[in-house]
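Commentary on secondary and tertiary structure
Letter by letter, the chains look like this.
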Amino acid sequence: QVQLVESGGGLVQPGGSLRLSCSASRSIFSINVMGWYRQAPGKGRELVAFITSGGNTNYADSVKGRFTISRENAENTVYLQMDSLKPEDTAVYYCNAQIVDSGYSAYWGQGTQVTVSS
C-alpha cells in the first residue's frame, strides 16, 4: 500500500511555471513506475509523464520540451516541473504509482488543480 499526496497546483498566467510535488507514504525506491496524469473538464484522463525506478522517462507529445519529471528517492517524492504553460494545460493533475511485485498494483493521489489563464 502507498498513499500519494499531490501539492503545488494553482493559478498561473500563460508562459508561467509551476512545480508539482507528489509525496509518498513509503519509500519510492522500489516503486517501478511513478507518473503524472491529467484530466481536463469534459475529457478523459491522459498520461503526462512517467519515470521508472531506473530513471527512464517518457512524456506526452503535448508537453515534451516544456515539462520535466524527476524523482527524489531520499524524499519519497516525485516532481513535475512545468514551464511555458499554456491554457490547454489546465486540468486536475494526478500522481500515480505502479508496483509490480507478486502482482500488479496501481495507486492514485487525490489530484491538484492547475489553471492557466490570464
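Further up the page is the structure itself.
Model, not experiment: these values are computed from the prediction.

Brief notes about the side chain of Thr-90
Along the polypeptide, Thr-90 turns up in the loop between β8 (77–82) and β9 (91–100). Polar side-chain contacts of Thr-90 include one of 2.9 Å to the backbone oxygen of Pro-87. At a separation of 2.9 Å, a polar atom in the side chain of Thr-90 contacts the main-chain amide nitrogen of Val-116. Among all residues touching Thr-90, those that are not within four sequence positions of it are Ala-40, Gln-113, Val-114, Thr-115 and Val-116.

Digging into the nonpolar core
Residues Leu-4, Met-34, Trp-36, Leu-80, Met-82 and Tyr-93 are the most contacted members of the largest nonpolar core, which totals 31 residues. The biggest single contributor to this core is β9, with 5 residues. With sequence-adjacent residues up to four places away left out, Met-34 is seen in contact with Leu-4, Cys-22, Ile-28, Phe-50, Ile-51, Ile-69, Arg-71, Val-78, Cys-95, Asn-96 and Ala-97.

Observations regarding the state of the cysteines
Inspection of every chain in the model, using the stated rule, returns 1 disulfide. Across a sulfur-sulfur distance of 2.0 Å, Cys-22 and Cys-95 are joined as a disulfide pair. Handedness here is read from the sign of the S-S torsion; for Cys-22 and Cys-95, about -80 degrees, the answer is left-handed. Of this pair, Cys-22 sits in strand β3 (residues 18–24) while Cys-95 sits in strand β9; the two residues are 73 residues apart in sequence, bridging distant segments of the chain. With respect to burial, Cys-22 and Cys-95 carry one shared label: buried.

What to know about the sheet that holds β8
Across the sheet, which stays open at both edges, the 4 strands sit in the order β1-β3-β8-β7 with antiparallel pairing between neighbours. Where the open sheet ends on each side, the last strands, each with one partner, are β1 (4–7) and β7 (67–72). Sheet twist, expressed as the mean angle between neighbouring strand axes with direction ignored, is 15 degrees.

As for the packing of aromatic side chains
Scanning all chains against the criterion turns up 1 aromatic pair. Note on Tyr-37 and Trp-108: the rings are 5.0 Å apart at their centroids and 70 degrees apart in plane angle, and the pair reads as edge-to-face. With Tyr-37 in strand β4 (residues 33–39) and Trp-108 in strand β10 (residues 104–108), this pair connects stretches of sequence that are 71 residues apart. One residue, Arg-45, lies across the ring of Tyr-94, its end atom 3.7 Å from the ring centre. Over the aromatic face of Trp-108 sits the side chain of Arg-45, whose NZ or CZ is 4.6 Å from the ring centroid.

Details of the pattern of salt bridges
Inspection of the entire model under this criterion finds 4 salt bridges. Put simply, Asp-89 and Arg-66 hold a salt bridge, and the shortest N to O gap is 2.8 Å. Of this pair, Asp-89 sits in the loop between β8 and β9 while Arg-66 is found in the loop between β6 (57–59) and β7, placing the two residues 23 residues apart along the sequence. There is no split in this pair, since Asp-89 and Arg-66 are both buried. In the salt-bridge network here, residues are joined through shared partners; they are Arg-38, Glu-46, Arg-66 and Asp-89.

What counts, and where the lines are drawn
- Residues numbered from 1 in each chain as written.
- Predicted model: local features only at pLDDT ≥ 70, side-chain atom pairs only at ≥ 80, totals over all residues.
- Heavy atoms only, no water.
- Helix = DSSP H or I, 4+ residues; strand = E, 2+ residues; numbered from the N terminus.
- Polar contact = N/O pair within 3.5 Å; in protein donor to acceptor, adjacent residues only side chain to side chain.
- Contact = heavy atoms within 4.5 Å.
- Core = buried A, V, L, I, M, F, W, Y, C linked by side-chain atoms within 4.5 Å.
- Buried < 20%, exposed > 50% of the residue type's maximum accessible area, 1.4 Å probe, protein only.
- Disulfide = S-S within 2.5 Å.
- Pairing = 2+ DSSP bridges.
- Axes fitted to C-alpha atoms, helices over the stretch in contact; angles between N-to-C directions.
- Phe/Tyr/Trp six-rings, centres within 6.5 Å; stacked < 30°, edge-to-face > 60°.
- Lys NZ or Arg CZ within 6 Å of the ring centre and 35° of its normal.
- Salt bridge = Lys/Arg side-chain N within 4 Å of Asp/Glu carboxyl O.

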